Amino acid sequence: MNEELQKPVDTKAIKELLDLNDSARIRMWLSICSRCGLCAESCFFYLAKNKDPKLSPAYKVRATLGELYRRKGKVDRDFLKKCYDIVWGECTTCKRCSLYCPFGIDIATMIATVRAVCNSQGVVPEGLLRTTDNYRDTGNQMGMSVEDFVDTCSWMAEETAEEIRGLTIPIDKPGARIMYTVNPREPMYYPQDIAMAAKIFTVAEEDWTVPSTGWDCTNLAMFAGNRALAGQIVKNMYQKALELGVQAIAITECGHAFRSALFEGPYMAGYRNGKPPIPIVHSVQLFYEYLRDGRIKIDPDKMLEEPATYQDACNISRNGGLWKEGREIMKYISKDFRDMEPNSEYNHCCGGGGGFIPMGGEFKKRRLESGRVKAEQIRATGAKTIIVPCHNCFDQIRDLNKEYDLGVKVVSFKEVITEAMIIPEKFQPIEKDDEGDAQD
Amino acid sequence: MNDLYDFLSGPALWAAFIVFIVGLIVRVVYLFGLSKERDRVAYNHADLGWGLRSIFHWLVPLGSISLRSQPVFSITFFLFHVCLFVVPLFLLAHNMLWQEAFGIRIPSMPDSFADILTMVFIVTAAILLVRRLVRPEVRILTTAWDYFLILLTSAPFVTGFLAYHQIGPYKLMMILHILLAEILLVVIPFSKLGHIILFFPSRVFIGFEMGTRRGVRTW
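Asks: Explain the packing of helix H10 (residues 144–164) of chain B against helix H11 (residues 170–187) of chain B residue by residue, including any values.
Replies: All names here are of chain B. The contact between H10 and H11 brings their axes to 8 Å, and the two run at 155°. In terms of orientation, H10 lies roughly antiparallel with respect to H11. Between H10 and H11 lies a crossing of left-handed hand. For the pair formed by H10 and H11, the contact residues are Leu-152, Thr-153, Ala-155, Pro-156, Thr-159, Gly-160, Leu-162 and Ala-163 on the first element and Tyr-170, Met-173, Met-174, Leu-176, His-177, Leu-180, Ala-181, Ile-183, Leu-184 and Val-187 on the second. Here the contact of H10 with H11 is composed, by residue class, of 14 nonpolar, four polar and no charged.

Asks: So what about the environment of A:Leu99? Which residues, and what values?
Replies: Note that A:Leu99 resides in helix H7 (residues 97–100). The spacing of A:Leu99 and A:Gly270 is 171 residues in sequence and 27 Å in space, taken between C-alpha atoms. Apart from the residues within four sequence positions on either side, A:Leu99 is in contact with A:Ser42, A:Tyr346 and B:Thr218.

Asks: Describe the sheet that holds strand S6 (residues 385–387) of chain A, listing the residues and the values that go with them.
Replies: Within a sheet, each strand pairs with its neighbour through backbone hydrogen bonds, oriented either parallel or antiparallel. Residues and elements named next belong to chain A. Strand order in the open sheet formed by three strands is S5-S6-S7, with parallel pairing between adjacent strands. Two strands close off the open sheet at either side, each with one partner strand: strand S5 (308–310) and strand S7 (409–411). Pairs of neighbouring strands in the sheet enclose a mean axial angle of 25°, with direction left out of account. Judged from the three bridges that link them, S5 and S6 form a sheet pairing that is parallel. Within S6, the position partnered with Thr-309 by the bridge is Ile-386.

Asks: Explain helix H5 (residues 57–70) of chain A residue by residue, including any values.
Replies: All names here are of chain A. Relative to the 20 Å expected for 14 residues at 1.5 Å per residue, H5 spans 18 Å between its end C-alpha atoms, a close match to the ideal helical length. In H5, a bend of some 35° at Ala-63 exceeds every other bend along the element. Restricting attention to buried positions, one finds in H5 the residues Pro-57, Ala-58, Tyr-59, Lys-60, Val-61, Thr-64, Leu-65 and Leu-68. For H5, the secondary structure elements touched by its buried residues are helix H2 (11–20), helix H6 (77–87), H7 and helix H8 (107–120). At the exit of H5 stands Lys-72, carrying a positive phi of roughly 55°.

The rules behind the values
- Residues numbered from 1 in each chain as written.
- Chains lettered and ligands numbered in written order.
- Predicted model: local features only at pLDDT ≥ 70, side-chain atom pairs only at ≥ 80, totals over all residues.
- Axes fitted to C-alpha atoms, helices over the stretch in contact; angles between N-to-C directions.
- Helix = DSSP H or I, 4+ residues; strand = E, 2+ residues; numbered from the N terminus.
- Parallel < 35°, antiparallel > 145°, perpendicular 65-115°, else oblique.
- Left-handed = near helix turned anticlockwise from the far one by under 90°.
- Contact = placed C-beta atoms within 7 Å.
- Nonpolar A, V, L, I, M, F, W, Y, C, P; charged D, E, K, R; others polar.
- Pairing = 2+ DSSP bridges.
- Expected span 1.5 Å × (residues − 1).
- Bend = angle between axes of the 7 residues up to and from the residue.
- Buried ≥ 20, exposed ≤ 12 C-beta atoms within 10 Å, placed from the backbone.

So, in structure tokens, the structure goes:
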């Protein structure tokens, strides 16, 4: 990677990319921004850093994409480094600013375009770049082999069948209703996450399967500005689902995976009509439906007693449209729900999105600083528990909890639901007599 | 003076209006053409309801969460735009000229009312200019061109007001009034002032992107 950075900037390649992206929208946005400054107050980076004007979305775009177009791509490595710090270090593409702009300018899309330009010159955060080979070779960001993945699922199924009778994790079941996809950190580091999902699906009597390939719904290439690879990653998942003939792809509790599969993915993978070839459903939607339809029932004595709040993950709430569903689930599992302010589609980003978490140590200080806005929101609710339906938010909020001494327990929906759900009789494990086996 | 006046209110005015109208049409048509190829996302998720609501909430004062968070600015900004349109369109002096030239009858407002609106305009323009200088997050974005544009937009109103009240040399004021208005007209299609038209497709797009696709209010 380092040799890439020694090469002179290929300004011709940049110009080509700029021309390719010179769409009506980008042209229009760059030319009508009236520099009114309303976007500034919408951005948590700006707010967290004591309203530093250089952190207003309009400034960030002008300093990067605006300059790139103005100079027609004739830029040097110093300029690209500046862009790198802005588009990865000062923006999570949360899209909140677009709600505040009088023209509805989509700043996030312009930031993503700059990421693509930087990527073309090898300027990408190491934490994202190093997953490229893994995605290409194994189809998942952690480089996990098919065997290891399937073994992990079997192991989880075996262990969990002791608690929920008849539980299986069906691999590659053709014609299942949903094909459940996960974030690779689950099989790699937290396989109990998969076990919890299995428990929920079993009790809800869901017709589900986990694919042996195409099971990674994350898309770090999307964060890295590598559109071609991002499209390929999403295609792998779509194709597997079509092969299996399932009715929908289900996404684990992950935010950007949903955005990738349902919104950005179709365009990155070349589906001109913007529709994924197969419906996509997020866990928040599924869990909401199970509770609503009584397929999962919560034991009232096991509901959360202490004040609890809900993290509106940007890619699930604002950019996923599921803020109501998340709140409906909270009604079933929490006795004392305290909403953050602002919330729902107007929520603030926690600062862990846009690639920040996988980008690792190099960006940690920055995200802990910008996360101050979220930390203060959490503190203001007085909640002792926070439900977080997104892996990256989860990590970020765990870190914010320490950094800002929030004193909250950070949990996912899966964790709370599996702990509080009533296991129907037929799924209860059979008690063995201590005296040993029956004689006849 | 009279020759200059005749030129400015004759051929120059024709030229200014033609550049204004044709310039805007060309800009919009060019963007539209480009969009058919490069902006499929704008067409794939079209929905009349979301598009119209996205526009509506930003045409009314305090219609969006963003405007409500800066209410003084928002009301100033709203009044600025209302006066900007209403005064030139419904001014008796202008409409007499339309009638003389083309026989078109456009309803006019009483001069006293137009006077008040012009003063409101000048005050709001001044507030917006000061805001640009004073608020750091606005100042950092502002270039010389932005200062020029706010001054250029205000100039016809100031000179028109002065001419009407016969403050200063009348003929000079009138000439400046027409000249500055013509400069403004020809600058509109080539600058951010093109937002008089582009506001609409821009808002419509984000209405689709966030509204149709996610059910999110872009206000």
